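Okay, here's what each chain looks like letter by letter:
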Amino acid sequence: MSEVSIYVRMRQKIMVNVNEVVTIGTLANIVAPEHIKKRLVSMNIYHITPADNKFTVVDVMDIITNIYKQFPEADIQTVGPTQTILEVKPKKRKSRPLLFLLIWLILFIGSGLTIMNFHEDVAMGEVHQKLYSLITGEHKGKPLILQIPYSLGLGIGMILFFNHIFKKKFNEEPSPLEVEMFNYQQDLDQYVIVHEYQKRQTGQSND
């Protein structure tokens with residue numbers, strides 16, 4: 001058989017089910033002659049078992065090894081990530097509206113207390129009184145003409161900051177929270193890759 005070039009690009013992360021057999025086509029994008037690609041994408045690589053818990057990792061070397069068994073003369077080129085994280089889908093849980101309402105209530109009260117404590121620490125009430133006094137020349141204990149717009153602006157500012165109102169986004173620009181969540185997910189994925197791969201290597205060496 002003449003030498004054939006095969007290009008492999010591993011996917012970063014995929015969702016799988018328990019007892020699912022994962023193929024090369026699931027794990028990676030393959031570029032190869034069509035008759036070879038059809039055989040490769042259906043080639044089994046890993047069997048998900050309950051012992052895998054929530055995460056496991058498949059290395060590109062596992063794919064290369066299996067490809068060489070079928071096509072020993074192939075020239076295999078890898079592009080992009082060298083591992084794919086397999087995240088096992090959790091079992092569906094029944095919705096618990098009472099638990100949801102309890103958590104929502106705790107978060108609502110907690111965030112409200114946080115905002116009130118912050119304003120108390122910086123003496124925001126006194127600031128509003130002084131501003132009202134400077135603008136109007138009168139002293140007022142509750143300058144609602146300042147406090148009401150300020151309260152509304154605080155809520156609107158939070159909505160604009162997070163770029164969300166329920167599931168609707170105002171524009172395609174990511175919010176600071178989304179950027180931080182993305183960075184956190186990247187770090188978490190990197191940790192899973194290192195931790196799970198080391199665990200697999202340790203298990204293989206013990207065998």
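Shown above is the structure to which this text applies.
The structure presented is a predicted model; accordingly, all values stated were derived computationally and were not measured. (Residues numbered from 1 in each chain as written. Predicted model: local features only at pLDDT ≥ 70, side-chain atom pairs only at ≥ 80, totals over all residues. Heavy atoms only, no water.)

**Observations concerning the side chain of Thr84**
Alright, step 1. Assignment of secondary structure puts Thr84 in strand β8 (residues 83-88).
Alright, step 2. You can call Thr84 buried: its relative accessible area is 0%.
Alright, step 3. A polar side-chain atom of Thr84 sits 2.6 Å from the main-chain carbonyl oxygen of Arg11.
Alright, step 4. Looking at Thr84, its side chain comes within polar contact range of the main-chain oxygen of Leu27, at 3.5 Å. (Helix = DSSP H or I, 4+ residues; strand = E, 2+ residues; numbered from the N terminus. Buried < 20%, exposed > 50% of the residue type's maximum accessible area, 1.4 Å probe, protein only. Polar contact = N/O pair within 3.5 Å; in protein donor to acceptor, adjacent residues only side chain to side chain.)

**Notes on the sheet that holds strand β6 (residues 55-59)**
Alright, step 1. On the basis of which strands lie adjacent, the open sheet formed by three strands has the order β2-β8-β6 and mixed pairing. The sheet terminates laterally at β2 (13-16) and β6, the two strands that pair on one side only. Within this sheet the neighbouring strands show an average axis-to-axis angle of 30 degrees, counted without direction.
Alright, step 2. Bridge analysis of β2 against β8 gives four bridges, and the strand direction is parallel. For Met15, the partnering residue across the bridge sits in β8 and is Glu87. (Pairing = 2+ DSSP bridges. Axes fitted to C-alpha atoms, helices over the stretch in contact; angles between N-to-C directions.)

**Quick notes on the packing of aromatic side chains**
Alright, step 1. This structure, assessed with the given rule, holds one aromatic pair.
Alright, step 2. Between Trp104 and Phe108, the ring centres sit 5.3 Å apart and the planes meet at 10 degrees, which makes this aromatic pair stacked. With a gap of four residues between them, Trp104 and Phe108 both fall in helix α4 (residues 97-121), about one helical turn apart.
Alright, step 3. Relative accessible area serves as the criterion here: at 52%, Phe108 is assigned to the exposed category. (Phe/Tyr/Trp six-rings, centres within 6.5 Å; stacked < 30°, edge-to-face > 60°.)

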